[in-house]
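Overview (structure and organization)
The primary structure of each chain is shown beneath.
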Amino acid sequence: MQHPVPSAEQAQWLSASGVRDVELAFADVTGFARGKTLPSKAFIQGQPLRIARAVAIQSCIGEFPDYRYYGENDPDVLLLPDMSTLRPVPWANTPRALVLCDNVDHDGSLSPLAPRSALKAVLARYAARGWTPVVAPELEFYLFAPDADADAPFQNPALRGGRREQGFDSFSFSTLNDHEAFFDDIYRGCEQLGIHTDTWVHEMGPSQFEINLKHGDALALADQTFLFKTLLKETGLRHGLRVVCMAKPLAGQPGSSMHIHQSVVDGNGRNVFSQPNGEGSHAFLHYLAGLQRYLPQLMPLYCPSPNSFRRFVKGLAAPVNLSWGIDNRSVGLRVPVSGPEARRVENRLPGCDANPYLALAASLGAGLLGVEEELQPTAAAEGNVFNQQLDAPELPATLEAALAALRGGDACSRLFGAEFAAAYAAVKEVELASFQGEISAWERRYLATLA
Ligand SMILES: NC(=O)CC[C@H](N)C(=O)O
């Protein structure tokens, strides 16, 4: 295989802008950017770059699951640049570029351990039907003051006049002014990275914001979401702010979601979720049913940590069920009111802590399995169903339960292969054991003084 080189125009841009190195980057299973840098000249000449295969399954505590994937036999993968993603690094002082890569095994196939491969596997399944998903992720996140003490609760950053948010700023513009320099840099960074943002709002929580990305191709949107989260972190650090994408960083306050709007078009660009008369199609109902059937098994892919499950409390606009309903925010699967061409479902379950490649792969994969199996959904929910007993399937309530559902089902291995399913569960078990090994502030506060 001929190793790809940048186009003449890209090579000219790299040289003319004095780019010293190019980051060959990919998202590991946690969604964290990893890779290696290559001198710009070597990149232009197409010098291949390899990295240990297991880097893709590094856990959030920096450990690897076990020696089956790392240690005894630790092969390399080729970092294969996707030249369409070559961009300047907005937060670099010295001109630097980045390019997103696929991880390729020695036999030339995509490494099943890399999240971008998992999404590509699902998209290939759609392509085989002549279909293309269209998605739009929405991300919520908090801005906090910098702090080095992991045992202390997060603090909101100081605003103009020394004020701190007290919870009355949601949907306000004034806080955007308080953080103007930060948001200006984010806008500039998005332009440089090719991230197409739509609306921005101040969300319900103190210092919580939301960004909606413009809908489009699923791989492009996964790349954009991955880069956006990286941009948020890096830009925050430059402005003395800590951007936190955890699902539930503050007790008693709203969590942060990564809602995913999704529809599917055929080869003629027609939305397969709508019939010609504008009504919902059979494929739409099968898709909803697939989400209801398979999302519980795939939950660790879009609710990846013990903290993800703390978000699901009633009354804070987070879903607690797998019902679907029209323009209803008390269900997990909301169908917004729209014209037939925009008929879509919004999966409200993923947290902002999700790896966007895996959240998209899981959601698009679950829907597709429903179409392939012609499953039927429950009846649409009516009214506020937060407190109702529903006939929709139950969601696992903890990461432990979600991992048991993943291991007990076959959706993950059917969609992403047995190796990914086993390796991913193993990563989550490493993280869970580390979490369970800590003594919390709650235990110190309430149990220490008991006899
Ligand atoms: N924008 C909203 O609908 C709020 C969502 C809510 N913050 C959640 O965690 O799901």
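Look a little higher up for the structure.
Keep in mind the model is a prediction, meaning the values are calculated, not measured. (Residues numbered from 1 in each chain as written. Predicted model: local features only at pLDDT ≥ 70, side-chain atom pairs only at ≥ 80, totals over all residues. Heavy atoms only, no water.)

What about the overall build of the chain?
Note the following rule: Secondary structure elements are taken from DSSP: a helix is a run of H or I of four residues or more, a strand is a run of E of two residues or more, and numbering for both begins at the N terminus. C-alpha atoms define the radius of gyration in this analysis, and the globule rule sets the expected value at 2.2 Å times the number of residues to the power 0.38. The criterion used for residue contact is that any of the two residues' heavy atoms lie within 4.5 Å. The accessible surface values rely on the Shrake-Rupley method and a 1.4 Å probe; as for residues, cover is taken only from the protein chains in view. In this tally, Lys and Arg are treated as positive and Asp and Glu as negative; His is ignored, and so are the chain termini. Lysine's charge is taken at NZ, arginine's at CZ, aspartate's at CG and glutamate's at CD.
Scanning the chain for helices and strands turns up 12 helices and 15 strands. Taken against the 2.2 N^0.38 rule, which gives 22 Å for 451 residues, the C-alpha radius of gyration of the chain at 22 Å falls within 12% of a compact globule. By its C-alpha atoms, the chain is 60 × 55 × 50 Å across when sized along the principal axes. Once local pairs closer than 6 in sequence are excluded, the contacts in the chain between residues at least 24 apart make up 72%. Carbon and sulfur atoms make up 51% of the accessible area of the chain, which totals about 19600 Å². Seen as two clouds, the 38 positive and the 50 negative side-chain charges of the chain have centres 2 Å apart.

Description of the site of the ligand
Defined as follows: The criterion for a residue being near a molecule or strand is simple. One of its heavy atoms has to lie within 4 Å of it. Polar contacts, as used here, are pairs of N or O atoms within 3.5 Å; protein pairs need one atom able to donate a hydrogen and one able to accept it. Residues neighboring in sequence count only if both atoms are side-chain atoms. Three classes are used, and their members are as follows: Ala, Val, Leu, Ile, Met, Phe, Trp, Tyr, Cys and Pro are nonpolar, Asp, Glu, Lys and Arg are charged, and the others, Gly among them, are polar.
In the vicinity of the ligand, the contacting residues are Glu140, Glu203, Glu210, Gly255, Ser257, His259, Arg311, Leu316, Ala317, Ala318 and Arg348. Between the ligand and the protein, one listed contact pairs a nitrogen atom with a side-chain N or O atom of glutamate 203 at 2.9 Å. Glutamate 210 places a side-chain nitrogen or oxygen 3.4 Å from a nitrogen atom of the ligand. Looking at the shell around the ligand, its residues break down into 3 nonpolar, 3 polar and 5 charged.

Examining the nonpolar core
This is how the line gets drawn: Within this scheme, the nonpolar core is defined by two criteria: the residues are buried Ala, Val, Leu, Ile, Met, Phe, Trp, Tyr or Cys, and they are joined through side-chain atoms within 4.5 Å. For each residue, the accessible area found with a 1.4 Å probe, counting protein chains only, is set against the maximum for its type, and the residue is called buried under 20%, exposed over 50%, and partly exposed in between.
With 121 residues, the main nonpolar core has Phe141, Phe228, Leu298, Tyr302 and Phe416 as its most contacted residues. Residues within four places of phenylalanine 228 in sequence aside, it is in contact with Leu139, Phe141, Ile186, Cys190, Ile195, Trp200 and Ile211. In terms of nonpolar packing, the next biggest core, distinct from the first, is built from 5 residues, Phe144, Phe154, Val244 and Leu250 among them.

Brief notes about the pairing of strand S6 (residues 96-104)
Applied cut-off: Following DSSP output, two strands are said to pair if at least two bridges run between them.
Of all 9 residues that make up S6, 8 are buried, and the element is covered over most of its length. Across 5 bridges, strand S1 (residues 21-27) lies against S6 in parallel orientation. When the sheet's bridge partners are listed, alanine 25 is paired in S6 with leucine 100. Judged from the 4 bridges that link them, strand S4 (residues 76-81) and S6 form a sheet pairing that is antiparallel. Within S6, the position partnered with leucine 79 by the bridge is asparagine 103. Bridge count for strand S5 (residues 87-88) against S6 is 2 bridges, and the pairing is antiparallel. Looking at S6, one finds that arginine 87 is bridged to leucine 98.

What about the pattern of salt bridges?
Once the charged atoms of two side chains with opposite charge are near each other, the side chains can pair. Applicable threshold: What makes a salt bridge here is a side-chain nitrogen of Lys or Arg within 4 Å of a carboxyl oxygen of Asp or Glu, nothing more.
Going through the model one piece at a time under the given rule, you end up with 23 salt bridges. Among the salt bridges present, the one from arginine 34 reaches aspartate 28, with a minimum N-O distance of 2.6 Å. Judged by its relative accessible area of 0%, aspartate 28 falls in the buried class. Between lysine 120 and aspartate 102 there is a salt bridge, and its shortest N-O distance comes to 2.6 Å.

Focus: the packing of aromatic side chains
Short version of the rule: Ring pairs shown here join Phe, Tyr and Trp side chains whose ring centres sit within 6.5 Å, with only the six-membered ring taken for Trp; geometry is labelled stacked below 30 degrees between planes, edge-to-face above 60, and tilted in between. Note on criteria: charge over ring means Lys NZ or Arg CZ within 6 Å of the ring centre, with the direction from the centre no more than 35 degrees off the ring normal.
For the structure on display, the rule yields 16 aromatic pairs. Ring plane angle 50 degrees and centroid distance 5.6 Å describe the contact between tyrosine 187 and tryptophan 200, whose orientation is recorded as tilted. Residue tyrosine 187 is located in helix H5 (residues 180-193), and its partner tryptophan 200 is located in strand S8 (residues 197-202); the two are separated by 13 residues in the primary sequence. Accessibility expressed as a relative area gives 42% for tyrosine 187, which makes it partly exposed. Assessed through its relative accessible area of 12%, tryptophan 200 is described here as buried. Across the ring face of tryptophan 131, the terminal group of arginine 129 is positioned such that the distance to the ring centre comes to 4.7 Å.

Here's the deal with unusual backbone geometry
For phenylalanine 171, which is not glycine, the phi torsion reads 60 degrees and is therefore positive. Relative to the elements of secondary structure, phenylalanine 171 occurs in the loop between strand S7 (132-144) and helix H4 (174-178). The residue serine 207 is not glycine, and still its phi comes out positive at about 65 degrees. As for its position among the elements, serine 207 is in the loop between S8 and strand S9 (208-213). By relative accessible area, which is 1% here, serine 207 ends up buried.

Looking at the packing of helix H3 (residues 115-128) against helix H8 (residues 356-372)
To keep things clear, this is the line we draw: Between N-to-C directions, angles span 0 to 180 degrees; the directions come from axes that are lines fitted to C-alpha atoms, helices contributing only their stretch in contact. Should an angle fall under 35 degrees it is taken as roughly parallel, and over 145 as roughly antiparallel, whereas 65 to 115 is taken as roughly perpendicular and any remaining angle as oblique. By definition, any crossing whose near helix is turned counterclockwise from its far helix by less than a right angle is left-handed, and any crossing with a clockwise turn is right-handed.
Closest axis-to-axis distance for the H3/H8 pair is 9 Å, and the angle between their directions is 25 degrees. In terms of axis orientation, H3 runs roughly parallel to H8. In this structure, the crossing between H3 and H8 has a hand that is left-handed. Contacts between H3 and H8 pair Pro115, Arg116, Ala118, Leu119, Val122, Leu123, Arg125 and Tyr126 from the former with Tyr357, Leu358, Leu360, Ala361, Leu364, Gly365, Leu368, Leu369 and Glu372 from the latter.

Quick notes on the pairing of S7
Counting buried residues along S7, 12 of its 13 residues qualify, which places the element largely inside the surrounding structure. Relative to strand S12 (residues 258-265), S7 runs antiparallel, the two sharing 8 bridges. Looking across to S12, one finds that glutamate 138 is bridged to histidine 259. Sheet topology note: the S7/strand S10 (residues 216-217) ladder contains 2 bridges and is antiparallel.

As for helix H7 (residues 282-302)
Stated formally: Expected helix span is computed as 1.5 Å times (number of residues minus one). Throughout, the bend at a residue refers to the angle made by two axes, fitted to the seven residues ending there and to the seven starting there.
Compared with the 30 Å implied by 1.5 Å per residue over 21 residues, the 26 Å span of H7 between its first and last C-alpha is markedly short. The largest bend along H7 measures about 65 degrees and falls at leucine 295, with the proline proline 296 one to four residues further on. In terms of burial, H7 is largely enclosed, as 18 of its 21 residues are buried.

Description of the packing of H7 against H8
Running from N to C, H7 and H8 point in directions that differ by 140 degrees, and their axes come no closer than 6 Å. Classed by the angle they form, the pair H7 and H8 counts as oblique. Our pair here, H7 against H8, has a crossing hand that is right-handed. Facing Ala283, His286, Tyr287, Gly290, Leu291, Tyr294, Leu295, Leu298, Leu301 and Tyr302 of H7, the residues of H8 in contact are Leu358, Ala359, Ala362, Ser363, Leu364, Ala366, Gly367, Leu368, Leu369, Gly370 and Val371. Of the residues that constitute the contact of H7 with H8, the class distribution is 16 nonpolar, 5 polar and no charged.

In short, the description is geometric, and any link to function would need to be established separately.
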